[in-house]
Amino acid sequence: MPDNQAKKMALIGRRALLRNALCGAAVLAAPPVVAHRAIHLPAPRQGTRIIPAQANGLTPDSPADQSEAFQSLLNIAAEKDAPIFLPAGIYRIGGISLPIRTRLIGVPGATRLTFTGRGHMLRAERADILSIDGILFDGLKLDLPTEMPGLITVRTARDLQITRSQFLASGRHGLDLEGAGGSVDACRFSEAGDIAVFSRQSTGLTISNCVVENSGNGGIIVHRFTPGADGSRVINNRILGVQSKIGGTGQWGNGINVFQAHNVTVSGNHIADCAFSSIRANATQNILITGNQSHGAGETAVYCEFSFQGAVVSNNIINGGTIGISLANFNENGRLASVTGNVVRNLTSDLPYENPGAWRPGVGIYAEADTAITGNVIENAPQSGLHIGWGRFCRNVTAAHNVVRGMPYGATASIVDEAGPVAITNNFFGDIGRQAITGFRFAEAATGELLGQRRSGFDHLTISGNRLNS
């Protein structure tokens, strides 16, 4: 081989060796990577590097209170606009103020911040960026102050990104948010004494792919102080075992509760064993409730109440509850809904509180005003499949192309003098114990069988095309 060719091959070999060495060094220097979805952290300023906690005074598994060292590290990282990496271990902290630009990275399930009980745990005021990935927050069931009730309490965050983190044993809330935009994704909330995620005045917040277990009074709450646009999305979460330790008749104890927040989407959630409703929307406008599963609700499974307007309730599976879907309170201007493609079954009349009234629940779908109920399947209810109107609170409701079976009354409609238009058309009824279509005065059946009659005898009530099968 000529000398110049030998020299060229030797140079190539040295370059390859150097490149491989550098790649290996980079792999050894990098923090451990957990097999999960990719981490998308806001980029720090050019030239900054991840700040390791151990090199800046924090010691994993130290029995000491490390609040002072942790606060100092946060402040240094904020000045450098750089993320902090916390290796696996326990860090005991309390009274922490998160800077305006905070980025924390941990090892999912192994990096644990434990509350010391001193004041609040962590809080952020007017944050620009708050990014947390892979950290477990343990409240040890210790009490938290009323003004800072979350393991993390946030008061205004332009870009909130909390991912792959856990919030355990909070004395009050897991996350307490106000004025937050961004997302909470793939997190776990267990044993919150009060609410797992309490969000107020959101600016387009997404809560997704989370697990909520055994909350004291609520799973996920989207709340506004006065009615207004919110735009939150609560999607693809699993919510199990929500209690109502405060008591009441449904103000608490709900899997997902939307209050006065408009333009909200509640979709793809799996919700089971809530003391009251799986999904409760109070005084909302333009809410989309679609593709959810509700199992074992203690009261109304999906509830739109008081001054709600513009609800779409579609393609949900509801198994259990005293009422499957309720669109109520026309007396408070609650109105305007589309209810389509739902499967509602196996209802009960057992309320979680005393009910002195004569009317017993056990209804598949209940509606009062300006509502279309189409293409639903309702099976096994102790009272009726469809219940339309309550006294004079009844206007412009149509029930068409539904399948209703396995209950005493198939469809019931208000027939008091002031009741507005109702149409019950082209439905299939089967295994009906008493009457397929019946007029009601409040809680009492007030007519014979109306199915098949050419005229119902009530000018506001249209009945046609329905069929009763054995």
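All figures in this text were calculated on a predicted structure; none of them were measured in a lab.

**Here we look at a nonpolar patch on the surface**
Item 1. A cluster of nonpolar side chains, Ile317, Val343, Val377, Val403 and Phe428, forms an exposed patch at the surface whose accessible area comes to about 350 Å².
Item 2. The residue Val343 is located in strand E30 (residues 343-345) in this model.
Item 3. On the accessibility criterion, Val343 (32% relative accessible area) is partly exposed.

**Some thoughts on the packing of aromatic side chains**
Item 1. Evaluated as defined, the whole model comprises five aromatic pairs.
Item 2. For the ring pair Tyr409 and Phe440, a centre distance of 5.4 Å and an interplane angle of 90° mean the geometry is edge-to-face. One end of the pair, Tyr409, is in strand E36 (residues 403-414); the other, Phe440, is in strand E38 (residues 428-441), with 31 residues separating them in the sequence. Here Tyr409 and Phe440 have matching classes, each one buried.

**So, the pattern of salt bridges**
Item 1. Applying the stated criterion across every chain yields a total of 18 salt bridges.
Item 2. Asp65 is paired through a salt bridge with Arg118; the nearest N and O atoms lie 3.9 Å apart. Of this pair, Asp65 sits in the loop between strand E1 (51-52) and helix H2 (67-80) while Arg118 sits in the loop between strand E6 (111-115) and strand E7 (122-133); the two residues are 53 residues apart in sequence, bridging distant segments of the chain.
Item 3. Taking the relative accessible area as the measure of exposure, Asp65 reaches 44% and is therefore partly exposed.
Item 4. Here Arg280 ties to Glu299 by a salt bridge, and the two come within 2.7 Å at their closest N and O atoms. Here Arg280, found in strand E22 (residues 279-282), pairs with Glu299, found in the loop between strand E24 (293-295) and strand E25 (302-305); they are 19 residues apart in sequence, far enough to count as distant.
Item 5. Of the residues examined, Arg280 reaches a relative accessible area of 4% and is grouped as buried.
Item 6. If you follow the salt bridges from partner to partner, you end up with Asp81, Arg101, Arg103, Asp128 and Arg158 in one network.

**What to know about the confidence of the model for the protein chain**
Item 1. Across the protein chain, the average pLDDT comes to 91, with 89% of residues at or above 70.
Item 2. Across the protein chain, the secondary-structure element scoring lowest on mean pLDDT is helix H1 (residues 3-29), at 40, and the one scoring highest is E30, at 99.
Item 3. Note that residues 1-47 has pLDDT below 50 and, in this model, 29 contacts with residues that lie over four places away or in other chains.

Scoring rules and cut-offs
- Residues numbered from 1 in each chain as written.
- Predicted model: local features only at pLDDT ≥ 70, side-chain atom pairs only at ≥ 80, totals over all residues.
- Heavy atoms only, no water.
- Patch = residues over 30% accessible without salt bridge, like charges linked within 9 Å, V, L, I, M, F, W, Y side chains within 5 Å.
- Areas by Shrake-Rupley, 256 points an atom, 1.4 Å probe, with all protein chains shown as cover.
- Salt bridge = Lys/Arg side-chain N within 4 Å of Asp/Glu carboxyl O.
- Helix = DSSP H or I, 4+ residues; strand = E, 2+ residues; numbered from the N terminus.
- Buried < 20%, exposed > 50% of the residue type's maximum accessible area, 1.4 Å probe, protein only.
- Phe/Tyr/Trp six-rings, centres within 6.5 Å; stacked < 30°, edge-to-face > 60°.
- pLDDT = per-residue confidence, 0-100.
- Contact = heavy atoms within 4.5 Å.

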